[in-house]
Amino acid sequence: MRFGWILSAALFVAACGQGAVSPETGTESAPGAELAGEADAGEGPAPAPQTDYAALSGYDGSWFLSPGWPGEYPPGFTVLDADVKVPARARPNPTDPQDITCHLPQYANYQMWNNARSQADDLDYFVATKKFPVTVLEDTEVEFVGDAGIEKLALKAGDQLTYLRYIGEGFTVMSFNDKEFDINESELREITDIGAIENKENLWVRVTCLGGKQAWILFDEVVLEPGVYPSPITGYGEARDIEPGEVENVRTMMSQDAFGLDPASQSVEPPSIE
């Protein structure tokens, strides 16, 4: 269990490299911000400002907003064709109209591990996950890691946890009695009704369009646009823009007809390119 938790924590850090999430507000803090108070002013760069995704997007309290995209291999999308223009939004909320036409650069690969692209275009990834209650069916205990190491959360039949987001490798963030816990979802399958509930999430990224305008793009929408394909995987933790000579190989591998990939699903692991 300890190995699994450590792995899930590492995945969460990788997925949320933009900063940590405040349990109270769902906002992002800059990496290392907790140490800022220990250093004298002027000794280093000021921490990046927090992103208040709730205020920014207008999602209501029935959604959990957190930085990064979920999954041990987070999804992404790449632009293989020239002159690709996609509908986008000024505000990351699916109820808003697609009021921006965003011209994307050819060969760009919008995947969280593509650090060069993220830095060059000032990308900002976050996920909005619909909260849902998870009802405990029997008295039980589930393991989590707390301040004292491996601890157990005692639950009784009829208790309700709240699903907040998926991390990776089967781990999810759940809340119970206003506290958050990273729990292996497999531990809940037989003792709760979690298997009967469908998860709903929106994956957003703020991109810089050609010409300098910034816009918000929804993954489920953009991956269906002509000239846009799901990102291939080059290795764990690795991603880069596509080379011109790789375009046709990626196009063949990542086409929906050839690969059978449902763009709204994260259950299929993209193939790798050599």
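Above this text is the structure in question.
Draft legend 1. Spotlight on the sheet that holds strand β4 (residues 76-79). Taken together, three strands build an open sheet; the order of strands is β7-β4-β17 and the sheet is antiparallel. Among the strands making up the open sheet, the edge pair consists of β7 (109-111) and β17 (228-230). Strand-to-strand twist in this sheet, taken as the mean axis angle between neighbours without regard to direction, amounts to 20 degrees. Relative to β17, β4 runs antiparallel, the two sharing three bridges.

Draft legend 2. Seen up close, unusual backbone geometry. A positive phi angle is found at Asn177, which is not glycine, with a value near 55 degrees. Relative to the helices and strands, Asn177 resides in the loop between β13 (171-176) and β14 (179-184). In this structure Asn177 comes out as exposed when scored by relative accessible area, which is 59%. Even without being glycine, Asp178 reaches a positive phi, approximately 65 degrees. Summarising the element assignment, Asp178 is placed in the loop between β13 and β14. Among the residues examined, Asp178 registers a relative accessible area of 82% and is labelled exposed.

Draft legend 3. Representation of the sheet that holds β14. Read from one edge to the other, the open sheet built from four strands follows the order β9-β12-β13-β14, with strand pairing classed as antiparallel. In the strand order of this sheet, the two ends are held by β9 (132-135) and β14, each with one partner. Across this sheet, the average inter-strand angle for adjacent strands is 45 degrees, counted without regard to direction.

Draft legend 4. Just the nonpolar core, in detail. Grouped together as the largest cluster of nonpolar side chains are 25 residues, with contacts concentrated most on Phe77, Leu104, Tyr110, Val207 and Ile217. Among the elements of the structure, β4, β5 (84-88), β6 (100-104), β8 (124-130), β15 (201-208), β16 (214-218) and α4 (219-222) are those that each provide at least two residues to this core. If we skip the residues at most four places from it in the chain, Val207 touches Cys102, Leu104, Tyr110, Asp121, Leu123, Lys213, Gln214, Ala215 and Ile217. If you look at the next biggest cluster of nonpolar residues, it comprises 16 residues, including Val136, Phe144, Phe176 and Phe181.

Rules and cut-offs
- Residues numbered from 1 in each chain as written.
- Predicted model: local features only at pLDDT ≥ 70, side-chain atom pairs only at ≥ 80, totals over all residues.
- Heavy atoms only, no water.
- Pairing = 2+ DSSP bridges.
- Helix = DSSP H or I, 4+ residues; strand = E, 2+ residues; numbered from the N terminus.
- Axes fitted to C-alpha atoms, helices over the stretch in contact; angles between N-to-C directions.
- Buried < 20%, exposed > 50% of the residue type's maximum accessible area, 1.4 Å probe, protein only.
- Core = buried A, V, L, I, M, F, W, Y, C linked by side-chain atoms within 4.5 Å.
- Contact = heavy atoms within 4.5 Å.

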